[in-house]
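So the chains spell out like this:
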Amino acid sequence: MERQHFIPMNRIRSLALLLIALIAATALFWLVIHQIAGLWLDVALRPEVRQALERSLDDQKRLRALDDAHQDEYRQRFESTHTLLNRLEVIRINRAEMLQRFELTLVGLFALVAGAAVTALRSRARDRKVGRAPVCAPLTFITRMPFSG
Amino acid sequence: MGNSSPRIGLYVGALIRAAGIVVLLPCLAFAQTKTTFVAQPGRVVAILLPATMLAERDVQKHLGSGLTTTFIAVAQERDAGGSVTSRIEIRYDLWDEVWLVRRIEFDGREDRQRLPSRDALDKWWRAPLRLYSAHGDQVSLNVTLTVLPFSVAEGEDARQWISKSGGLAAPGSGSPLVTALIGTTISAKAIRSYRWNASISFR
């Protein structure tokens, strides 16, 4: 009777431990991803990048005033830099949402894969403990059976 | 025991303040700026937008960015299903240093202009924006005005750019993962929202 109670308690404890480990690993993964993703995006959104691009816009306008013959060329350069600035600004406006979705998806995937891996390992360990062959158990059993005919 | 009564009073005061904030929050989400609705010939309702709207800090910051600041006005007749949309687009052209503006009213009437100065922009802004065509002699409207920091086209351009791995890859060779994860997140979220209720009589 005592033994019957002891085994489920152990199982619950080990399950809880595994769950805590899984949560901790996911949290650690999120922390790393959060740092990397933020860094990757912020490189493009740094104020220095914006300032350099804005200076380039001013330069093209100044060149237009000094060299009227190549006005179209300066305009073209101006427009391409301006488009780049616009794109960066749109990304800056959406930065928080973009990062959130990126991190949530990666962390969700990690939790799924880690959960599946832990479940597989646990069932393999249980099989080993019971003394069953972990893979293709019924097939192995059939092949080991003595010929009864 | 003697100190407990003022302390309880403090807690109650804090609770009332917190409850007040919770109640007021939805109201604060929609800014209350005074505006005027006018009845025009043909039972058309128009709105006169105040110039102070353009001078508001959030709006002002985006106006000069070179992106298209978009104002979307939605008018809905109270106790009726349908709604109609009017739109104003303002972009500052950094090369020519002029304001490129466009007004599209509820019936599709369009007005495009190239304005040389901020004063000209303010003057153009003050012209009535036609919102709704009423069927009866009286109409009650719920009007919302949303200010977006960039246009749909600019958002789409940025989405395509980022899905092409920062513009380095050849067109069409973008990572589907990046497109799915990041590209679809790009959308113009409102920087300001306004809401008004108006009752207009045409008699």
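Everything numeric in this text was worked out from a predicted model, so none of it was measured.

Attention now goes to the confidence of the model for chain B. In regions of low pLDDT, the predicted coordinates are not meant to be interpreted in detail. Residue and element names in this part refer to chain B. Averaged over all residues, the pLDDT of chain B is 82; the fraction at 70 or higher stands at 75%. Element-level pLDDT for chain B is lowest in helix α1 (residues 4-29), with a mean of 50, against a maximum mean of 97 in strand β5 (residues 98-104). Here residues 21-29 scores under 50 on pLDDT; set against residues more than four positions off or in separate chains, the count is one contact. Among the scores for the predicted complex, ipTM is 0.73 and pTM is 0.72.

Residues and elements named next belong to chain B. Inspection of the sheet shows strand β3 (residues 69-77) paired to strand β4 (residues 83-93) by eight bridges, in the antiparallel sense. Bridged to Ile-72 within β4 is Arg-87. Linking two consecutive strands that pair antiparallel, namely β3 and β4, is a turn of five residues; a positive phi of about 65 degrees is found at Asp-79 within it. Sheet topology places β3 next to strand β8 (residues 138-148); eight bridges connect them, and they run antiparallel. When the bridges of β8 are listed, Val-74 appears paired with Thr-144.

Let us now look at the sheet that holds strand β2 (residues 44-48) of chain B. Residue and element names in this part refer to chain B. Within the open sheet, the three strands sit side by side as β1-β2-β7. Their pairing is antiparallel. Both edges of this open sheet fall to β1 (36-40) and β7 (129-133), since each of them pairs with a single strand only. Between one strand axis and the next, the sheet turns by 30 degrees as a mean value, whatever way the strands run. Sheet analysis places β1 next to β2, joined by five bridges and oriented antiparallel. Across the sheet, residue Ala-39 finds its bridge partner in β2, namely Val-45.

To continue, consider the interface of chain A and chain B. Contacts between the two partners involve 17 residues from chain A and, on the opposite side, 17 residues from chain B. Looking at the side of chain A that touches chain B, the elements that each hand over two or more residues are α3 (71-93) and α4 (95-130) of chain A. The element that contributes the greatest number of residues to the side of chain A that touches chain B is α3(A), accounting for 10 residues. The class makeup of the residues in the side of chain A that touches chain B is eight nonpolar, four polar and five charged.

Turning next to the packing of helix α2 (residues 47-66) of chain A against α3(A). Residue and element names in this part refer to chain A. Packing of α2 against α3 brings their axes to within 9 Å, and their N-to-C directions diverge by 160 degrees. When the axis of α2 is compared with that of α3, the two are roughly antiparallel. In the packing of α2 onto α3, the handedness of the crossing is left-handed. Note on element contacts: α3 touches α2 through Gln-71, Tyr-74, Arg-77, Phe-78, Thr-81, His-82, Leu-84, Leu-85 and Leu-88, opposite Arg-50, Leu-53, Ser-56, Leu-57, Gln-60, Lys-61, Leu-63 and Arg-64. Taken together, the residues of the contact of α2 with α3 break down into eight nonpolar, five polar and four charged.

Each value, and the rule that gives it
- Residues numbered from 1 in each chain as written.
- Chains lettered and ligands numbered in written order.
- Predicted model: local features only at pLDDT ≥ 70, side-chain atom pairs only at ≥ 80, totals over all residues.
- pLDDT = per-residue confidence, 0-100.
- Helix = DSSP H or I, 4+ residues; strand = E, 2+ residues; numbered from the N terminus.
- Contact = placed C-beta atoms within 7 Å.
- Pairing = 2+ DSSP bridges.
- Axes fitted to C-alpha atoms, helices over the stretch in contact; angles between N-to-C directions.
- Nonpolar A, V, L, I, M, F, W, Y, C, P; charged D, E, K, R; others polar.
- Parallel < 35°, antiparallel > 145°, perpendicular 65-115°, else oblique.
- Left-handed = near helix turned anticlockwise from the far one by under 90°.

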